[in-house]
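Next come the chains, spelled out residue by residue.
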Amino acid sequence: QVQLVESGGGLVQAGGSLRLSCAASGRTFSTYAVGWFRQAPGKEREFVAVISWSGGGTYYADSAKGRFTISRDYAVNTVYLQMNALKPEDTAVYYCAAKFAYRTVDRYYSSGDYDYWGQGSQVTVSS
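Chemist: Any chance you could explain the state of the cysteines here in plain terms?
Modeler: Covalent bonding between the sulfur atoms of two cysteines defines a disulfide. Considering all chains together, one arrives at 1 disulfide under this definition. Each sulfur in the disulfide pair C22 and C96 lies 2.1 Å from the other. Handedness of the C22-C96 disulfide follows from its S-S torsion of about 70 degrees: it is right-handed. Remark: C96 occurs in strand β9 (residues 92–100) and C22 occurs in strand β3 (residues 18–25); sequence separation between them is 74 residues. In this pair, the class of C22 matches that of C96, namely buried.

Written out as structure tokens, the structure reads:
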């Protein structure tokens with residue numbers, strides 16, 4: 001099993017920044033892809049960004065490009081999502097997820113591809 005725990009969410013004004021963390025336990029990420037998704041009330045869960053744990057390759061949703069950065073830290077078994085220039089439309093519950101990666105990370109933009117999920121962390125961006 002892989003257990004994922006998100007942290008770092010909160011309330012921020014438009015234009016501000018937050019850094020989300022996704023800490024893994026149970027086992028190492030190994031050859032997993034680790035992604036960030038978000039879901040606002042009444043909306044579908046949408047892809048934000050993904051990283052290859054071993055190779056470090058990244059892929060972003062159009063809404064995240066130029067504003068968000070996904071990264072990982074081997075020493076603390078954690079994946080981060082740095083979010084800058086936040087907008088009210090970024091308001092959502094943010095989830096990290098992991099999937100054993102048979103393919104390159106640009107293939108893993110669908111929530112249905114992922115096997116393990118964290119509990120979510122609320123991000124609220126005010127006007």
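Chemist: Looking at this structure, how should I read unusual backbone geometry?
Modeler: Across residues other than glycine, the phi torsion is negative in most instances, and most of the peptide bonds are trans. Residues other than glycine seldom take positive phi values, yet N77 does so here, at roughly 55 degrees. Along the chain, the position of N77 falls in the loop between β7 (68–73) and β8 (78–83). Positive phi, normally seen in glycine, also occurs at A85, with a value near 50 degrees. Within the element layout of this structure, A85 appears in the loop between β8 and β9. The class for A85 is partly exposed, based on a relative accessible area of 38%.

Chemist: What am I meant to see in the packing of aromatic side chains here?
Modeler: Scanning all chains against the criterion turns up 11 aromatic pairs. Between F37 and W117, the aromatic rings sit 5.2 Å apart at their centres with planes inclined by 55 degrees, giving tilted as the arrangement. Separated by 80 residues along the polypeptide, F37 in strand β4 (residues 32–39) and W117 in strand β10 (residues 116–117) bring together distant segments of the chain. A relative accessible area of 28% means that W117 is categorised as partly exposed.

What counts as what
Residues numbered from 1 in each chain as written. Predicted model: local features only at pLDDT ≥ 70, side-chain atom pairs only at ≥ 80, totals over all residues. Heavy atoms only, no water. Disulfide = S-S within 2.5 Å. Helix = DSSP H or I, 4+ residues; strand = E, 2+ residues; numbered from the N terminus. Buried < 20%, exposed > 50% of the residue type's maximum accessible area, 1.4 Å probe, protein only. Phe/Tyr/Trp six-rings, centres within 6.5 Å; stacked < 30°, edge-to-face > 60°.

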